[in-house]
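Single-letter residue listing:
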Amino acid sequence: MKHIISVLVENEFGVLARVAGLFSGRGFNIESLSVAPTLDPAISRMTIVTHGDERILEQINKQLHKLINTIRVIDFTGQDRVEREMALIKVSAEEDTRAEVLRIADIFRAKVVDVAPRCYTIEVTGTPGKVEAIVELLKPMGIRELVRTGPVVLGRGPKVVEK
Amino acid sequence: MKMTGSKILLECLRLEGVETVFGFPGGTVINIYDDLVDSPIHHILTRHEQAAVHAADGYARATGKVGVVIATSGPGATNTVTGIATAYMDSVPLVVITGQVPTPLIGNDAFQEADIVGITRPITKHNYLVKDIQDLCRIIKEAFFIARTGRPGPVLIDFPKDIQVTSANFDYPETVSLPGYKPTYSGNLRQVEKAVKMILAAKHPVIYVGGGANTPDAARWLHQLAETLEIPLTTTLMGMGAFPKKHPLSLGMLGMHGTYYANMAVTEADLLVAVGARFDDRVTGSVPHFAPHAKIIHIDIDPTSIKKNVRVDLPIVGDLHDVLEKIVTQLAEFPEEMKRAREETASWRSRIAAWKESHPVRYTPSSLVIKPQFVIEKLRELAPDDAIITTEVGQHQMWTAQFFDFSRPRTFLTSGGLGTMGFGLPAALGAQVAFPERRVIDISGDGSFQMNSQELATLVQFQLPVKIVILNNNYLGMVRQWQQLFFQRRYSQTVLEVPIDFVKLAEAYGAVGFSVSRPDEVEETIRRAFDVPGPVIMEFKVEREENVVPMVPAGKALNEMVLSS
Ligand SMILES: Cc1ncc(C[n+]2csc(CCOP(=O)(O)OP(=O)(O)O)c2C)c(N)n1
Ligand SMILES: [Mg+2]
């Protein structure tokens, strides 16, 4: 089952390696990971997506908690949340496909952020599902390169996790 | 006042109450060693960095204080790894200080550079690289705090050479600020109430005690809990000593080489109260068949231990002595129920007594050849109650656990979690440094002894009267036993072919050695060894193919013990 976990950590060198080590040490793959400082620059927030059964995930959550540099761990699985990711897609734009590429971008409210002869770079933001969908539609046009940020997530409503 | 990094380190150690450090010098710690000359801190020079860590570990296990190690960068640092992992697995508080190449060279594959912070990340509770002299005092303060609080463990500080010679103002902080680390927990009262109800309702209760409870504080409350309700109690290898083995309620050890009655009691129990234990696979055997009829209460300081291996009906996270005290205090409010519970569990205790009677811990004695168990029995007779026993890993370790009657916390020092051959001798060394007046004995196998035998030199140099018992079977006996039972006696690489003259070996180092092969010489030899003021090796040539029984074959249920070989 897919899990999406936010971890607030002290913004220090080595912390990422500790977190990653907890997963790799148990033969677990991190599907995506994004890290950046929070409002308080001394604290970073990681958003981690992984797959695994409940028992192992509970163990990982506890182990994450146990790291000295970890301040909070929130498992957003099954929680009401806003989840967004961004992708940059470099896609072929030939004479006969250019219009279709633009049309698809438009439908997904994606932006063309770089134009080269016979090639557009498109920026799209949305749920992972939406990013998935535009990628599928653009594939027949010839995707040359793709980069995704992995999702970031906040709980819905006024409640916050940062102090 | 301005001081160099290396002087600051030693001053911080002093303020932490460190009297003794164990270590081995080298290029990147040479400044620290120079400053040690003028420091009140006592340094024990082991002959290998692994041994320095085990010695600090033995010191810590015996005293409850933080053990401290100094090693140089590169090979010195990597030599500490097995020692650190050993301490980590058994939750022993250590602070290990390694030298590191100067900061501008880090990452350049400089001479004697190893990324020891990276290497030890999964085997330390926490670790640090000192990048700025301004952080040094805070890091040392935090390291000691983290090592000794909560579930204790080793902390490593990697200390680059250039920072050791940089000067800064010395200002040791009074407190630590670690927003993500809350090490002390008081047990939740509602959970405690539930536990009290469950304990009072149980008809077949068993208390199962691990290394977490092997402290004088926890042991005192444990004793009260067991006695007020007359609940039978079993310990793991690590819990040995938390409860006197000779106590009528004691079931001895459970698990792979546990007693028949402990394993039967756990299998038949309707309530298991786990205290500071972690349900290791050597304890549970086949997990689905472990305590199949029991509700499980799990009391532990470390939430990650709970529900890791087995289902738990009632978790209580907290300091053991706090939780146990609360349980005992609450129980006292129900005198009637306690009386009833004691009555209702009487038949359970008789059943256990019958198991004890039919299947005591035993072996077949011999008047021709020394049985290893016989040596342990003699040691038990002749050693004082407060003797500190260390072991290596193998059959001799299990026989020690089975046949020695431990009665006090912190008297049995053994590598339970990692199972490190070579642990016992340096651990005994460390314990003897902590308690020069007490009897310290390393019970060893011929194989394990050779993994750190160089420490004889340290024993002689520092006049540490450790008594080493080698149960010599000329085998890597524990592995041989498995090969006999599960690999049709194909003794692949477990026969230690070359006979070693352990007496000469002892003498080569300036120690004393005895070697005997007749049962009637055993007692006399032990007495003579105890009379020698310095370190002694006692080699007992024992029955070569004696097996450790009972034995639960790996993956089997606890009640599927092999009872004789
Ligand atoms: C460092 C290390 N290497 C290998 C092992 C695997 N091992 C466990 S017990 C054992 C045999 C130990 O032989 P010995 O010390 O002679 O003890 P005995 O079993 O004969 O009493 C071995 C090789 C280990 N536990 N530790
Ligand atoms: Mg042997």
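A brief structural summary.

Quick notes on the rules
Residues numbered from 1 in each chain as written. Chains lettered and ligands numbered in written order. Predicted model: local features only at pLDDT ≥ 70, side-chain atom pairs only at ≥ 80, totals over all residues. Heavy atoms only, no water. Pairing = 2+ DSSP bridges. Helix = DSSP H or I, 4+ residues; strand = E, 2+ residues; numbered from the N terminus. Contact = heavy atoms within 4.5 Å. Axes fitted to C-alpha atoms, helices over the stretch in contact; angles between N-to-C directions. Buried < 20%, exposed > 50% of the residue type's maximum accessible area, 1.4 Å probe, protein only. Donors = N, O, S within 2.8 Å, 3.2 Å for Na, K, Ca; no water. Buried area = accessible area lost by both parts, 1.4 Å probe. Salt bridge = Lys/Arg side-chain N within 4 Å of Asp/Glu carboxyl O. Polar contact = N/O pair within 3.5 Å; in protein donor to acceptor, adjacent residues only side chain to side chain. Patch = residues over 30% accessible without salt bridge, like charges linked within 9 Å, V, L, I, M, F, W, Y side chains within 5 Å. Areas by Shrake-Rupley, 256 points an atom, 1.4 Å probe, with all protein chains shown as cover. Near = heavy atom within 4 Å. Nonpolar A, V, L, I, M, F, W, Y, C, P; charged D, E, K, R; others polar. Phe/Tyr/Trp six-rings, centres within 6.5 Å; stacked < 30°, edge-to-face > 60°. Lys NZ or Arg CZ within 6 Å of the ring centre and 35° of its normal.

All names here are of chain B. As summarised here, the arrangement of the six strands in space is β16-β15-β17-β18-β20-β19, forming an open sheet in which the pairing is parallel. Two strands lie at the open edges of the sheet, namely β16 (412-413) and β19 (512-516), each paired on one side alone. Relative to the sheet, helix α16 (residues 372-382) contacts β17 (440-445), β18 (467-472) and β20 (536-541), its axis offset from that of β18 by approximately 160°.

This part takes up the pairing of strand β7 (residues 119-126) of chain A. Residue and element names in this part refer to chain A. The element β7 is extensively covered by neighbouring structure, given that six of its eight residues are classed as buried. Where strand β5 (residues 81-92) meets β7, eight bridges bridge the pair, whose relative direction is antiparallel. Bridged to Ser92 within β7 is Cys119. Pairing analysis gives five bridges linking strand β6 (residues 111-116) to β7, with the strands arranged antiparallel. From the neighbouring strand, Lys111 faces β7, where its bridge partner is Glu123. The antiparallel pairing of β6 with β7 creates a hairpin that spans two residues between the two strands, and Arg118 there sits at a positive phi of about 65°.

In this section: the coordination of the magnesium ion (ligand 2). Residue and element names in this part refer to chain B. At the metal site, the magnesium ion (ligand 2) is ligated by Asp446 (OD), Asn473 (OD1) and Tyr475 (O), and these contacts range over 2.1 to 2.2 Å. Motif for the magnesium ion (ligand 2), donor spacing along one chain: D-x26-N-x1-Y. Considered together, Asn473 and Tyr475 belong to a single accessibility category, that of buried residues.

Our next topic: the interface of chain A and chain B. Listed by partner, the interface residues are 17 residues for chain A and 18 residues for chain B. The largest share of the area that chain A buries against chain B comes from Phe13, Arg18 and Ile68 of chain A, three residues that together contribute 42% of it. The interface formed by chain A and chain B includes one salt bridge. A salt bridge links Lys66 of chain A to Asp302 of chain B, with the shortest nitrogen-to-oxygen separation between them at 2.6 Å. Taken together, chain A and chain B are joined by seven residue pairs in polar contact (both at pLDDT 80 or more).

Where nonpolar side chains cluster on the molecular surface, the patch consists of Leu16, Leu33 and Val35 of chain A and spans about 210 Å² of accessible area. With respect to the helices and strands, Leu16 of chain A occurs in helix α1 (residues 15-24).

This paragraph deals with the site of ligand 1. Residue and element names in this part refer to chain B. Close to ligand 1 lie 17 residues, the nearest being Gln395, Gly419, Gly447, Ser448 and Gly477. A distance of 3.0 Å is found between an oxygen atom of ligand 1 and a backbone nitrogen or oxygen belonging to Tyr475. Tallied by class, the residues present in the shell around ligand 1 amount to seven nonpolar, nine polar and one charged.

Below, the discussion takes up the packing of aromatic side chains. All names here are of chain B. In this structure the tally under the stated criterion is twelve aromatic pairs over all chains. Taking 6.1 Å as the distance between ring centres and 90° as the angle between the ring planes, the aromatic pair formed by Trp348 and Trp355 counts as edge-to-face. Just as Trp348 is buried, Trp355 falls in that class too. With centroids separated by 5.7 Å and ring planes inclined at 75°, the aromatic side chains of Trp482 and Phe486 adopt a geometry described as edge-to-face. Of the two residues, Trp482 and Phe486 are both situated in helix α21 (residues 477-486); the distance of four residues between them amounts to about one turn of the helix. An aromatic cluster of three or more residues is present, and its members are Tyr208, Phe279 and Phe290. Over the face of the ring belonging to Phe435 we find Arg438, whose NZ or CZ atom lies 4.5 Å from the ring centre. The ring of Phe530 is capped by Arg439, whose NZ or CZ atom sits 4.2 Å from the centre of that ring.

Read these as spatial facts, not as claims about activity.
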